[in-house]
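Coordinate inspection notes
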Amino acid sequence: MMEANSGSRVAVVTGANKGIGYAAVMELCAKFDGTVYLTSRDESRGRKAVDELEQMGLRPAYHQLDIDDESSVLKFRDHLVETHGGLDVLINNAAIIFPMTTPAESFVESIRKTIDTNFYHTMRACKILFPILRPHARVVHLTSDDGHLLRISGREPEAAILRSKFSAPDLTEQELCQLMEDFIDAAKNGDRFERGWPNSVGEREDTWPNEGYIVSKVGISALTRIHQRQFDQDLREDLTVNCVHPGYVITDATFQKGEKTIQEGAEAACWLAMLPPSSPDNVVPKGAYVWHDKQLVDWVNGPTPSIY
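The following refers to the structure shown.

How each quantity is defined
- Residues numbered from 1 in each chain as written.
- Predicted model: local features only at pLDDT ≥ 70, side-chain atom pairs only at ≥ 80, totals over all residues.
- Heavy atoms only, no water.
- Helix = DSSP H or I, 4+ residues; strand = E, 2+ residues; numbered from the N terminus.
- Rg over C-alpha atoms; globule rule 2.2 N^0.38 Å.
- Buried < 20%, exposed > 50% of the residue type's maximum accessible area, 1.4 Å probe, protein only.
- Contact = heavy atoms within 4.5 Å.
- Areas by Shrake-Rupley, 256 points an atom, 1.4 Å probe, with all protein chains shown as cover.
- Lys, Arg positive; Asp, Glu negative; His and termini not counted.
- Charge placed at Lys NZ, Arg CZ, Asp CG, Glu CD.
- Core = buried A, V, L, I, M, F, W, Y, C linked by side-chain atoms within 4.5 Å.
- Pairing = 2+ DSSP bridges.
- Axes fitted to C-alpha atoms, helices over the stretch in contact; angles between N-to-C directions.
- Expected span 1.5 Å × (residues − 1).
- Right-handed = clockwise from strand over helix to strand, strands pointing away.

1. With respect to the overall build of the protein chain
Counting secondary structure elements, the protein chain contains 8 helices and 8 strands. Rg of the C-alpha trace for the protein chain: 19 Å, near the compact-globule value of 19 Å for 308 residues, within the 12% margin. Projected onto the principal axes, the alpha-carbon positions of the protein chain cover approximately 55 × 40 × 35 Å. For the protein chain, the residues scored as buried account for 54% of the 308 residues in total. For the protein chain, restricting intrachain contacts to residue pairs at least 6 apart in sequence, the fraction spanning at least 24 positions comes to 72%. For the protein chain, the exposed area adds up to about 13,500 Å²; of that, 49% sits on carbon and sulfur atoms. Charge separation in the protein chain, taken as the distance between the mean sites of 32 positive and 45 negative side-chain charges, equals 1 Å.

2. Regarding the nonpolar core
Counting 36 residues, the largest nonpolar core has Val25, Leu28, Leu38, Ile91 and Val244 as the members making the most contacts within it. Listed by contribution, the elements that provide at least two residues to this core are strand S1 (10-13), helix H1 (19-31), strand S2 (35-40), helix H2 (43-55), strand S4 (87-92), strand S5 (133-142) and helix H8 (262-273). The element that contributes the greatest number of residues to this core is H1, accounting for 8 residues. Ignoring sequence-local partners within four residues, the contact set of leucine 28 consists of Ala11, Val13, Val36, Ile91, Cys270 and Met274. Core analysis: the next-biggest nonpolar cluster, separate from the first, contains 32 residues, Ile115, Met180, Ala187 and Ile226 among them.

3. Looking at the sheet that holds strand S8 (residues 296-297)
Sheet architecture is open: 8 strands sit in the order S3-S2-S1-S4-S5-S6-S7-S8, paired in mixed fashion. Only two strands of the sheet have a single partner each, and these edge strands are strand S3 (61-64) and S8. As paired elements, strand S6 (residues 240-244) and strand S7 (residues 289-290) share 2 bridges and run parallel to each other. Counterpart to cysteine 243 in the pairing with S7 is tyrosine 289. Across the sheet, H1 lies against S1, S2, S4 and S5, angled at about 165 degrees from S2, the strand it touches most.

4. Focus on helix H6 (residues 173-189)
Here H6 is 17 residues long and its end C-alpha atoms lie 24 Å apart, about the 24 Å a rise of 1.5 Å per residue gives. Among all positions in H6, only Glu173, Leu176, Cys177, Leu179, Met180, Phe183, Ile184, Ala186 and Ala187 are buried. Contact partners of the buried residues in H6: helix H4 (107-129), helix H5 (158-166) and helix H7 (211-232).

5. Quick word on the pairing of S1
Residue alternation in S1 divides its side chains into two sets, Val10 and Val12 and Ala11 and Val13, and both sets are buried. For the crossover from S1 across H1 to S2, the handedness is right-handed. Where S1 lies against S4, 3 bridges are found, and the strand directions are parallel. Across the sheet, valine 13 pairs through a bridge with isoleucine 91, a residue of S4.

Dropping the structure here:
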């Protein structure tokens, strides 16, 4: 296993023992000039993934990381500081999905768990790790086509009011969290469509993610814009964060359905993670919603380049 050197550049991928995260580690190991961390909630699965990559001639580092466990994130941050002095690339890939077939009696619980992991705990991990980012750091949040603002498609004009709140140029983290809680409340009350939130029953395939995933990823897309505003005010030079829709990728999360391999699904995220330093002659994406083909998409108005 790679021996980490203090001062070397460092990249981290969360939720990386399989799927898109695994493929992102694979690509970064081949192209990134520095140490690449494969992280996973389950250490045995993570180390097995590292062993597989080592058999391919790649040399990832490993550390356990469960974004649902604050102490795990803090422990990893301390390790990065003590071993490397900071962090240069962070790909936030860890997420969970409940399908449309989630039983009605478990629906609200699935919404809560999805919003917690995909939104709140990603945001908390960022709060813990952002202070150790070095100048020119690159952050990538994995979102989805479901993370486009037009997915907030409940009854009008209520949905338009929600979209205007999400897209407000001065939206705060506190206000975004309140929107997440409003959705959970609507799910509990059974009136989410009437309050403007999506209700996709009968419109989506059974194996596709339910509305909790949609709203969690819209939240991540909105959080990207907030994070970039914060970075723009930061004294550290040239910090960027973007969110990316990886495409319809064949993974366990999609029940092995899809149109893209995990390697194809990781391409745009890795491109964003390795963007060169920004300059007047090289303007890089900042706070953008990026499609899997590397197109920058209007997150507020669309259109999206393809169905998914």
